[in-house]
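Spelled out, the chains give:
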Amino acid sequence: MANSKYEYVKCFEVEDEVMYPNIIVVQIDGRDFGSFSEKHGFEKPNDDKALNLMNACAIKVLENFSDVIFAYGFTDEYSFVLKKETTFYQRRASKILSIIVSFFSSTYVTKWKEFFSQKELSVPPSFHSRVISCASMEVLQAYLLWRQTECHISNQYNTCLWKLVFSGKSEKEAKEILKGRQKQEQNELLFQQFGINYKDLPQIFRQGSCAIKIKVDDIVKYREDGTPVKRPRKKAIIVHSENVATKRFWNNYTCLTEELGSLAEGINKIKPEYLRSFQFESRLMLSTWIVVRVDGCHFHRFCDDNGFQKPNDEQALKLMNSCAVSLLEMFKDIIFAYGMSDEYSFVLKKDSLLYQSEIVSAVVSLFSSMYVMKWKEFFPVKEFKEPPYVDGRCVCYPSSEILRDYLAWRQVDCHINNQYNTCFWLLVKSGKSRTEAQSSLKGTQTREKNELLAKFGIDYNALPIIFRMGSSVFREPTGNDRVVVEHCNIIETSFWKEHPRILHEEESLLTILRPHSNKMLRLF
């Protein structure tokens, strides 16, 4: 990010490092997945294709992130365990949870057709995520026991519920029949009324699934005599176990004991309320401007892999804008968004209570899903090699003045980066190496860059405005809910005078974005 006088706004970004030696667990679970399942006709009480899709996404997470060494999941939930001494993104909770949920979400959309070849994905899947900071191996063991117990309890109940419904009962009647019934009574109901032995049901339903890394030998080449040359590597697989929180299961997989440590022989019953106390909370301050910023991870590599035009790919920018429009349409609490390059900032209204600590994961997950779902609209002949993903952070700004400066910071950054990149790629395309281009531009100011562009016959101010000013997304000022995209100078007060509805319920726009200096405006 470029330097400017607005850099001070970064001081409002709160550090959320999970201190060592706490073990980091990222738990994701479906957001409104009951509705999602209904819309896509998932089988009740379990859809094995949907579960296998979740498992395939978990495998992909383990393959893509070497620090994730184990995962446990059931229904629409998965918990990812990072190795004990991980320094993944400096152990920052918001970074870790947003990256994993983003990658999982985009992978879910990417792999949909592998499991549901006859069904169109009609709405984007999205997930919440949170960090569980396990203070010891005993807490991790208790956590895994809790989640697997929850898998069993919910599956047994849902199996009974849907068998009763399929037999002719209404959901209300079925719930009334099951009210107060314990485990043994539910088993008897299944056997006596439907001839089902609960223990004969598929393991994936009863026990959930574990994604785990094992060591295998890969053939890397063959010698002249035809004998193979093998190298050891780690491979992620899915296994099922009745008791994932036992020492016996743990000791079957060396990566778990090496990267985390050993489990105890047995653990006392620990109430879920106690385990929830280890959830890493980052509550948002009330009556502040909440900004959620998403930023592409390894997007330089993603752009290269997919042949994006340099220094700007207009179709890629329009894809980002389309995703932002979808978020404003789905989240009414988002009142304004500003984007450029591979990032977007979403401003929530001041009195928003939307998901509180889980707002980052909800925004990141939905943005990632939309990006993959809309890809073909903008790149009809391109297939991306690896799922794109983003990270996210949530920052609270206490005053309208500071919010103003945050938005100014991002638009100034857009200008500075775009001007530099335009010069850089012109030099590279003219025959210079990247190192030579960087050296030529080192220490140059706006005027000098404009002079360089003029030598190539380019007037910077004549470049497409989407490149120079980024994109602003908001609802039309006419009173309807139609979301529009404009490319305008949001530093000037005149923009906010023309669009008073954006922050109409909060406070006067004239106090939110005051006039900036002429020197600042001349940048554009």
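Keep in mind the model is a prediction, meaning the values are calculated, not measured.

Digging into the sheet that holds strand 12 (residues 471-475)
- In spatial order, the strands read 11-8-10-9-12-13; together these six strands make up an open sheet with antiparallel pairing. What marks the edges here is a single partner per strand, and that holds for strand 11 (390-397) and strand 13 (483-486). Pairs of neighbouring strands in the sheet enclose a mean axial angle of 20°, with direction left out of account.
- Here strand 9 (residues 334-340) pairs with strand 10 (residues 343-348) via six bridges, running antiparallel. Its bridge partner being in strand 10, Y338 is matched across the sheet by S345.

Observations concerning the UniProt feature "domain: tRNAHis guanylyltransferase catalytic" (unreviewed entry) in the chain
- In this structure's numbering, the residues bearing the UniProt feature "domain: tRNAHis guanylyltransferase catalytic" (unreviewed entry) are residues 6-133 and 273-398.
- Spanning residues 6-133, this segment combines 37% helix with 22% strand, and its end C-alpha atoms are found 34 Å apart.

Regarding the state of the cysteines
- One pass over the structure, following the stated rule, counts zero disulfides.
- Cysteine C134 is unpaired, with the sulfur of C210 as its nearest cysteine sulfur at 15 Å.
- Not engaged in a disulfide, the cysteine C297 finds its nearest cysteine sulfur in C303; these two sulfurs lie 13 Å apart.

Quick notes on the pairing of strand 4 (residues 127-134)
- Taking burial as the measure, the eight residues of strand 4 include eight buried ones, the bulk of the element.
- Of the two faces of strand 4, the one holding F127, S129, V131 and S133 and the one holding H128, R130, I132 and C134 are both buried throughout.
- Pairing of strand 1 (residues 23-30) with strand 4, which is carried by eight bridges, proceeds in the antiparallel orientation. Across the sheet, the residue bridging to V26 is V131, located in strand 4.

Thoughts on the packing of aromatic side chains
- Applying the stated rule across the entire model yields 46 aromatic pairs.
- Look at F42 and F116: their rings are 5.3 Å apart centre to centre, the planes differ by 10°, and that puts the pair in the stacked class. Pair noted here: F42 is in the loop between helix 1 (33-39) and helix 2 (48-64) and F116 is in the loop between helix 3 (93-115) and strand 4, with a separation of 74 residues, a long-range link.
- On the basis of relative accessible area, F42 is assigned to the buried category, the value being 11%.
- Judged by relative accessible area, F116 falls into the buried class, the value being 4%.
- Here W375 and F384 contribute two aromatic rings whose centre-to-centre distance is 5.3 Å and whose plane-to-plane angle is 85°, an arrangement assigned as edge-to-face. Each of the two residues, W375 as well as F384, counts as buried.
- Over the aromatic face of W146 sits the side chain of R147, whose NZ or CZ is 4.5 Å from the ring centroid.
- Sitting above the plane of the W409 ring, R410 keeps its charged end 4.3 Å from the centroid.

Observations concerning the environment of Y157
- Mapped onto the secondary structure, Y157 falls in helix 4 (residues 137-166).
- The partly exposed category is assigned to Y157, whose relative accessible area is 27%.
- The contact partners of Y157, leaving out residues within four places of it in the chain, are K175, L178 and Q186.

What about the pattern of salt bridges?
- Summed over all chains, the structure comprises 24 salt bridges.
- Among the ionic pairs, R410 bridges to E343, the shortest N-O distance being 2.9 Å. In this pair, R410 is assigned in helix 14 (residues 400-429) and E343 in strand 10, connecting sequence segments 67 residues apart.
- By relative accessible area, E343 is classed as buried at 4%.
- Shared partners join several salt bridges into a network, and the residues in it are E13, R293 and R393.

A word on the side chain of K60
- Note on placement: K60 falls in helix 2.
- Judged by relative accessible area, K60 falls into the buried class, the value being 18%.
- Setting aside residues up to four positions removed in sequence, K60 forms contacts with F103, T107, K111, E386 and P387.

Rules behind the numbers
- Residues numbered from 1 in each chain as written.
- Predicted model: local features only at pLDDT ≥ 70, side-chain atom pairs only at ≥ 80, totals over all residues.
- Heavy atoms only, no water.
- Pairing = 2+ DSSP bridges.
- Helix = DSSP H or I, 4+ residues; strand = E, 2+ residues; numbered from the N terminus.
- Axes fitted to C-alpha atoms, helices over the stretch in contact; angles between N-to-C directions.
- UniProt positions renumbered as here; feature names shortened; annotations may be inferred.
- Disulfide = S-S within 2.5 Å.
- Buried < 20%, exposed > 50% of the residue type's maximum accessible area, 1.4 Å probe, protein only.
- Phe/Tyr/Trp six-rings, centres within 6.5 Å; stacked < 30°, edge-to-face > 60°.
- Lys NZ or Arg CZ within 6 Å of the ring centre and 35° of its normal.
- Contact = heavy atoms within 4.5 Å.
- Salt bridge = Lys/Arg side-chain N within 4 Å of Asp/Glu carboxyl O.

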